[in-house]
Amino acid sequence: MAQRPLLLIDAPSLYFRAYFGVPESSARTADGSPVNAVRGFLDMLATLVRTRRPDRMVCALDYDWRPQWRVALLPSYKTHRLAPEGEGEVVPDTLGPQVPVILDVLAAIGIPAVGADGYEADDVLGTLATTQPAPVEVVSGDRDLFQLVDDARPVRLLYVGRGVAKLEDCDDAAVLTRYGVPADRYADFAALRGDPSDGLPGVPGVGEKTAARLIERYGSVSGILTVLDEPGSGFAPGLRAKLDGARDYLAVAPTVVRVARDVPLGPIATALPAAPVDPDRLLELAEHWNLASPVRRLVDALADQR
């Protein structure tokens, strides 16, 4: 019988998708407070439990969505997502209050939600994917997490860019087919290509195909920089000029993109419960927030796995 996976959930990725995927008008409390993100998030978890059959689960959180150590290297990092006053991330007014509700429900069920000061959810996921017993399946709509795919462990990315119902189960071959680079070179590839959603400018004039060719030939950004000035290194004059003009950026960008794998997290009880650890509290939350149906679907999914 195949060993069951540890399911690592990129919680911000999923609850943002839930917020925009479930209309507020269809999920409100008696006093009119929207709970669409909560409802959608819980239904995503229920679907994942039923379809992936994990025996362990951890939800990763953004304790710091824009860590200072990344900003120090690349000041443009996520700048476009800063709130107008310059503090904190732009979050829809009706989403912010729903996040504590999600955390309360997870706690009552017994699913750990883990973050770390100075790190993003990606870094928590990277650390757990590296340190926890395999097999591991990471659930996210963040392309940066393709770098975690590792057939040898194994670690897979369940990419939910088109939603949980249409998730893409990605191994290293899938990453290679999609981008033309193996998963362990994805961070260097992304640094070259850039990513507007994270404020990474990339190298002007270098798109995905050129970035993939460069990584295939030179192995990494550092490999490119090492031979860039050598006359016989094979760079077309125009491309050499573009890379030369981006030296300062390329010196730091791979570190910014690369997910941390050594976040201090402490012990985590990853075992997925067959029943809620605090059923009375869960019932109270379900009644107060009008979540009886999604809570029941998740509880039933957990019970069915045993």
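Residues numbered from 1 in each chain as written. Predicted model: local features only at pLDDT ≥ 70, side-chain atom pairs only at ≥ 80, totals over all residues. Heavy atoms only, no water.

J.: I would appreciate a short explanation of the environment of Val-259 in the present structure.
T.: Locating Val-259 in the fold gives a position in the loop between α11 (247-257) and α12 (279-288). Exposure remark for Val-259: the relative accessible area of 6% places this residue in the buried category. C-alpha separation for the pair Val-259 and Val-277, spaced 18 residues apart in sequence, amounts to 32 Å. Leave out the neighbours within four places in its chain, and Val-259 touches Arg-70, Asp-122, Asp-123, Gly-126, Leu-145, Gln-147 and Leu-148. (Helix = DSSP H or I, 4+ residues; strand = E, 2+ residues; numbered from the N terminus. Buried < 20%, exposed > 50% of the residue type's maximum accessible area, 1.4 Å probe, protein only. Contact = heavy atoms within 4.5 Å.)

J.: Would you mind going over empty space enclosed by the protein with me for this structure?
T.: A water-sized probe, rolled over the atoms, reveals where empty space remains. For the structure on display, the rule yields 1 cavity of 30 Å³ or more. Computed from the structure, the largest cavity encloses a volume of approximately 40 Å³. Taken together, Arg-70, Tyr-77, Glu-120, Asp-122, Asp-123, Asp-144, Val-256, Val-257 and Val-259 make up the lining of the largest cavity. Only α5 (121-131) and α11 provide two or more residues apiece to the lining of the largest cavity. Tallied by class, the residues present in the lining of the largest cavity amount to 4 nonpolar, no polar and 5 charged. (1 Å grid on protein atoms, 1.4 Å probe; cavity = no way out; pocket = protein on both sides within 12 Å on 5 of 7 lines; lining within 4 Å. Points joined across faces, edges and corners; volume = space filled by probe spheres on them. Nonpolar A, V, L, I, M, F, W, Y, C, P; charged D, E, K, R; others polar.)

J.: Explanation requested: the domain arrangement of the chain in the structure shown.
T.: By a widely used convention, the size of an interface equals the accessible area lost when the partners come together. The domain architecture assigned to the chain consists of domain 1 (6-179 + 260-288) and domain 2 (184-257). Just the C-alpha atoms count here: the centres of domain 1 and domain 2 sit 30 Å apart. Each partner contributes to the interface: domain 1 provides 14 residues, whereas domain 2 provides 18 residues. Applying the counting rule to domain 1 against domain 2 returns 3 salt bridges. Measuring nitrogen to oxygen at the nearest pair gives 4.0 Å for the salt bridge that ties Glu-208 to Arg-143. A total of 3 residues in the side of domain 1 that touches domain 2 trace back to one element, the largest contributor, which is helix α3 (residues 68-73). (Domains from an automatic or database assignment. Salt bridge = Lys/Arg side-chain N within 4 Å of Asp/Glu carboxyl O.)

J.: Can you help me understand the pairing of strand β4 (residues 136-140) in this one?
T.: For a regular strand, the rule is simple: side chains alternate between the two faces of the sheet. In terms of burial, β4 is a largely internal element, 5 of the 5 residues being buried. Summarising the sheet, strand β1 (residues 6-10) and β4 pair through 4 bridges and their orientation is parallel. Bridging from a neighbouring strand, Leu-8 pairs with Val-138 of β4. (Pairing = 2+ DSSP bridges.)

J.: Got a minute to help me understand the sheet that holds β4 in this structure?
T.: The strands that make up a sheet are held in pairs by hydrogen bonds between backbone atoms, and each pair lies either parallel or antiparallel. Taken in spatial order, the 6 strands line up as β3-β2-β1-β4-β5-β6 in an open sheet, and their pairing is mixed. The open sheet has two edge strands with one neighbour each: β3 (113-114) and β6 (168-170). Where strand β2 (residues 56-60) lies against β3, 2 bridges are found, and the strand directions are parallel. If you follow Ala-60 over to β3, its bridge partner there is Val-114. The strands touched by helix α1 (residues 11-21) within the sheet are β1, β2 and β4, with β1 carrying the most contacts at an inclination of about 60°. (Axes fitted to C-alpha atoms, helices over the stretch in contact; angles between N-to-C directions.)

J.: I keep staring at the packing of aromatic side chains and nothing clicks. Help me out?
T.: Any two aromatic rings considered together are summarised by their centre-to-centre distance and by the angle between their planes. Scanning the entire structure with this criterion turns up 10 aromatic pairs. Judged by centre distance (5.8 Å) and plane angle (25°), the rings of Tyr-15 and Phe-16 are stacked. Judged by its relative accessible area of 11%, Tyr-15 is buried. Aromatic rings pair up to connect Phe-146, Tyr-159, Tyr-179, Tyr-186 and Phe-189 into one cluster. (Phe/Tyr/Trp six-rings, centres within 6.5 Å; stacked < 30°, edge-to-face > 60°.)

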